[in-house]
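An overview of the molecular structure
Spelled out, the chains give:
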Amino acid sequence: MNFESMNLLSQKVEGVLGTVRALREENAKLKQLLEGAKAQAEDQKNLLESANAKIADIEAALNARANQAAAQDEALNEKTNAIDSLNGQINEKNSIIDTLNAQIAEKNGIIDALNGQITEKDNAINSKNEQVNEKNGIIDSLNGQINEKNGIIDALNGQVNEKNGIIDALNGQVSEKNNIIDALNGQVAEKNNIIDDLNGQMSEKNNIIDCLNGQVAEKNDIIDNLKGQVQNQANEISEAQSKFQQLLSTIENELGTEININEPAAEQTEAPAEQPAQEQHQEENPDLFASNGGSQPGFFG
């Protein structure tokens, strides 16, 4: 083999060695890029798992808020029913008070009638007293005649006895009327006691009504407070949903793919037992190597 052939062969070997060195460098770069892509894929997988966990937490928080709002609605309905019951009791007490007022008016009529009877009896007693005084004048006149007329003493004594009997009868009638008046006075006093007792009951009912009005005002304040809490929670839920949508959009932009939040998190991250983790990861993220034409083997296989 001459020198030129040796030189040509040496140049060809140098060319092959240069190609091999270039291929090795390119292979090293591709391996480095593959390692970087794997690391990036692992980071994206961790980010997706973290996002799924955050989504689950947000969904749990939303469910808890919804349950709390439902419980508060139930409590609000319960307070409304309690207020309706109190209003029914107030109406019932008003009916009782109206009945008592009617009874008081009726008793006033009875008392007025009794006062009229008492007045009538007083007039009758005064009339009897006038008759008694008149009879006393007659007796005095008879006594004068008895002193003047000794001859007619026996006759006058008979008349006196008769008049005494009349006077005793009149006194009996006066005593009877006095007893009637005492009885009527007792009835009037009893009615006054009843009226005082009814007035006391009315005062007590008024106090109960004032207390119930205070309770109703307190319940209205509680209802207003509950309505404010429900509105605040609704605002918090709306804000949480908005933050969730922003987070979801950010994750989708980072991953370059749309996330279906209706699928369970386990279906997005859990791989079948017989499938290697790397193959599963490549199936879940088919676009990770899209710029290089998909996942490729190394330069030397």
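Residues numbered from 1 in each chain as written. Predicted model: local features only at pLDDT ≥ 70, side-chain atom pairs only at ≥ 80, totals over all residues. Heavy atoms only, no water.

A look at the overall build of the protein chain
Secondary structure assignment for the protein chain yields four helices and zero strands. Walking the protein chain from its N terminus toward its C terminus, one meets helices and strands in the order α-α-α-α. The buried share of the protein chain, reckoned over its 301 residues, is 20%. Intrachain contacts of the protein chain at a sequence separation of at least 6 include 78% that bridge at least 24 residues. As displayed, the protein chain offers around 20,500 Å² of accessible surface, 48% of which is attributable to carbon and sulfur atoms. (Helix = DSSP H or I, 4+ residues; strand = E, 2+ residues; numbered from the N terminus. Buried < 20%, exposed > 50% of the residue type's maximum accessible area, 1.4 Å probe, protein only. Contact = heavy atoms within 4.5 Å. Areas by Shrake-Rupley, 256 points an atom, 1.4 Å probe, with all protein chains shown as cover.)

Regarding the pattern of salt bridges
For the coordinates displayed, the defined rule picks out one salt bridge. Between Glu239 and Lys243 there is a salt bridge; the shortest N-O distance is 3.4 Å. You can see Glu239 and its partner Lys243 sitting in helix H2 (residues 153-255), four residues apart, about one turn around the helix. (Salt bridge = Lys/Arg side-chain N within 4 Å of Asp/Glu carboxyl O.)

Points about a nonpolar patch on the surface
Together, Leu9, Val13 and Leu17 make up an exposed nonpolar region whose accessible area comes to about 230 Å². Relative to the helices and strands, Val13 resides in helix H1 (residues 3-148). (Patch = residues over 30% accessible without salt bridge, like charges linked within 9 Å, V, L, I, M, F, W, Y side chains within 5 Å.)

A word on the nonpolar core
In terms of nonpolar packing, the biggest core is built from nine residues, these being Leu48, Ala51, Ile55, Ile58, Phe244, Leu248, Ile251, Leu255 and Ile259. Contributions of two or more residues to this core are made by H1 and H2. Ile58 has contacts with Phe244 and Leu247, leaving out every residue within four places of it along the chain. (Core = buried A, V, L, I, M, F, W, Y, C linked by side-chain atoms within 4.5 Å.)

Things to note about the side chain of Lys191
You can see Lys191 is positioned in helix H2. For the buried residue Lys191, which engages in no salt bridge, the nearest side chain bearing the opposite charge is Glu190, 5.6 Å off. Setting aside chain neighbours within four positions, we find Lys191 in contact with Lys107 and Ile111. (Lys, Arg positive; Asp, Glu negative; His and termini not counted.)

A word on the confidence of the model for the protein chain
Looking at the protein chain as a whole, the pLDDT averages 78, with 84% of positions reaching at least 70. Taking the mean pLDDT of every element in the protein chain, the minimum, 44, falls on helix H4 (residues 277-284) and the maximum, 85, on H2. Every residue in residues 265-301 scores below 50 in pLDDT, and together they form 30 contacts with partners more than four places removed in sequence or on other chains. (pLDDT = per-residue confidence, 0-100.)

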